[in-house]
Amino acid sequence: MPEPLLEPYLDPLLEPDEAIQFDQYLYDEFVTEASEHMKDMEENFQRLDGPPDKDLTAKLFRAVHSIKGGSSFLGLSTIARLADLMEVLLNRYRQGEGTPDNTSVQVLLLCCGLLRKMTAEPRQSGTVDTSLALQALTDLVEGRVPALARTVIETDLDLAGEGLAQTMEKALNEYDYV
């Protein structure tokens, strides 16, 4: 069941129709800003693998932080939860706690795909199942190989030869998670 969205703020100086237009304006601005961040994030996550680049990590952190802040303000908790956990992982890298590797980059790219889907239609974001992505991020934050990656690689040998991102994406698509 979709999570309830916040009701539009009804300023006593605004007529109800004006408040609804203002609400729509905020959502439109969020979609525009998130789209710009997503474009940058997808390009930059692909460059993240390897020794930490503090500037790149900080840029990614700020983009995810902006999406988290906007979604929290609008009451879009599914987006905010995913962005928050991405932010935790990026903050660890930013502080020199761990090094991004291929697995973590692929998980972050997969999360970007989910964020892109949810930020394109924010009012429907509560219907997107992010549980596998959240678990994969939690595994990374806690220093484990993501269970999703391990399960896909161990159980689906036909897909194991392809890159992890494609493998995970196919698995998620197969089970309607994306």
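So, a few notes on the structure that sits alongside this text. It should be emphasised that the depicted structure is a prediction, and the values quoted were computed from it without experimental measurement.

**Digging into the overall build of the protein chain**
Link 1 in the chain: Looking only at helices and strands, the protein chain features eight helices and zero strands.
Link 2 in the chain: Element order for the protein chain, N to C, with α for helix and β for strand: α-α-α-α-α-α-α-α.
Link 3 in the chain: The burial tally for the protein chain puts 41% of its 178 residues in the buried class.
Link 4 in the chain: Sequence-distant contacts, at least 24 apart, represent 70% of the contacts inside the protein chain between residues at least 6 apart.
Link 5 in the chain: Approximately 9,900 Å² of the protein chain is accessible, and the part contributed by carbon and sulfur atoms is 52%.

**Examining a positive patch on the surface**
Link 1 in the chain: A surface patch of like charges, here positive, comprises Arg-47, Lys-59, Arg-62 and Arg-94.
Link 2 in the chain: Tracing the backbone through its elements, the reader meets Arg-62 in helix α2 (residues 54–73).

**A short note on the side chain of Asn-44**
Link 1 in the chain: When you line up the elements, Asn-44 lands in helix α1 (residues 16–45).
Link 2 in the chain: If near-sequence neighbours (up to four positions away) are discounted, Asn-44 is found in contact with Leu-56, Lys-59 and Leu-60.

**Observations concerning a negative patch on the surface**
Link 1 in the chain: Where like charges cluster on the molecular surface, the negative patch consists of Asp-28, Glu-29, Glu-33, Glu-36, Asp-40 and Glu-43.
Link 2 in the chain: By secondary structure assignment, the location of Glu-36 is in helix α1.

**Re the side chain of Ser-71**
Link 1 in the chain: Looking at the secondary structure, you find Ser-71 in helix α2.
Link 2 in the chain: Within the structure, Ser-71 has its side chain in polar contact with the backbone oxygen of Ile-67 (distance 2.9 Å).
Link 3 in the chain: Leaving out residues up to four positions away in the same chain, Ser-71 has contacts with Phe-30, Leu-76, Ile-79 and Ala-80.

**Regarding the packing of helix α3 (residues 77–94) against helix α5 (residues 131–141)**
Link 1 in the chain: Across the interface, α3 lies against α5 with an axial gap of 10 Å and an inter-helix angle of 20°. Taken together, the axis directions place α3 and α5 in an arrangement best described as roughly parallel. With respect to the hand of their crossing, α3 and α5 are arranged in left-handed fashion. Taken together, the residues of α5 that come into contact with α3 (itself represented by Arg-81, Leu-82, Leu-85, Met-86, Val-88, Leu-89 and Arg-92) are Ala-133, Leu-134, Leu-137, Thr-138, Leu-140 and Val-141.

**What about the packing of aromatic side chains?**
Aromatic ring pairs are reported here in terms of the distance separating the ring centres and the angle at which the planes meet.
Link 1 in the chain: Taken as a whole and assessed by the stated rule, the structure comprises zero aromatic pairs.
Link 2 in the chain: In this structure, Arg-94 is placed above the aromatic ring of Phe-61, and the distance from its NZ or CZ to the ring centre is 3.7 Å.
Link 3 in the chain: Stacked on the ring of Tyr-27, the Lys or Arg Arg-123 has its end atom at 3.8 Å from the ring centre.

About the thresholds
Residues numbered from 1 in each chain as written. Predicted model: local features only at pLDDT ≥ 70, side-chain atom pairs only at ≥ 80, totals over all residues. Heavy atoms only, no water. Helix = DSSP H or I, 4+ residues; strand = E, 2+ residues; numbered from the N terminus. Buried < 20%, exposed > 50% of the residue type's maximum accessible area, 1.4 Å probe, protein only. Contact = heavy atoms within 4.5 Å. Areas by Shrake-Rupley, 256 points an atom, 1.4 Å probe, with all protein chains shown as cover. Patch = residues over 30% accessible without salt bridge, like charges linked within 9 Å, V, L, I, M, F, W, Y side chains within 5 Å. Salt bridge = Lys/Arg side-chain N within 4 Å of Asp/Glu carboxyl O. Lys, Arg positive; Asp, Glu negative; His and termini not counted. Charge placed at Lys NZ, Arg CZ, Asp CG, Glu CD. Polar contact = N/O pair within 3.5 Å; in protein donor to acceptor, adjacent residues only side chain to side chain. Axes fitted to C-alpha atoms, helices over the stretch in contact; angles between N-to-C directions. Parallel < 35°, antiparallel > 145°, perpendicular 65-115°, else oblique. Left-handed = near helix turned anticlockwise from the far one by under 90°. Phe/Tyr/Trp six-rings, centres within 6.5 Å; stacked < 30°, edge-to-face > 60°. Lys NZ or Arg CZ within 6 Å of the ring centre and 35° of its normal.

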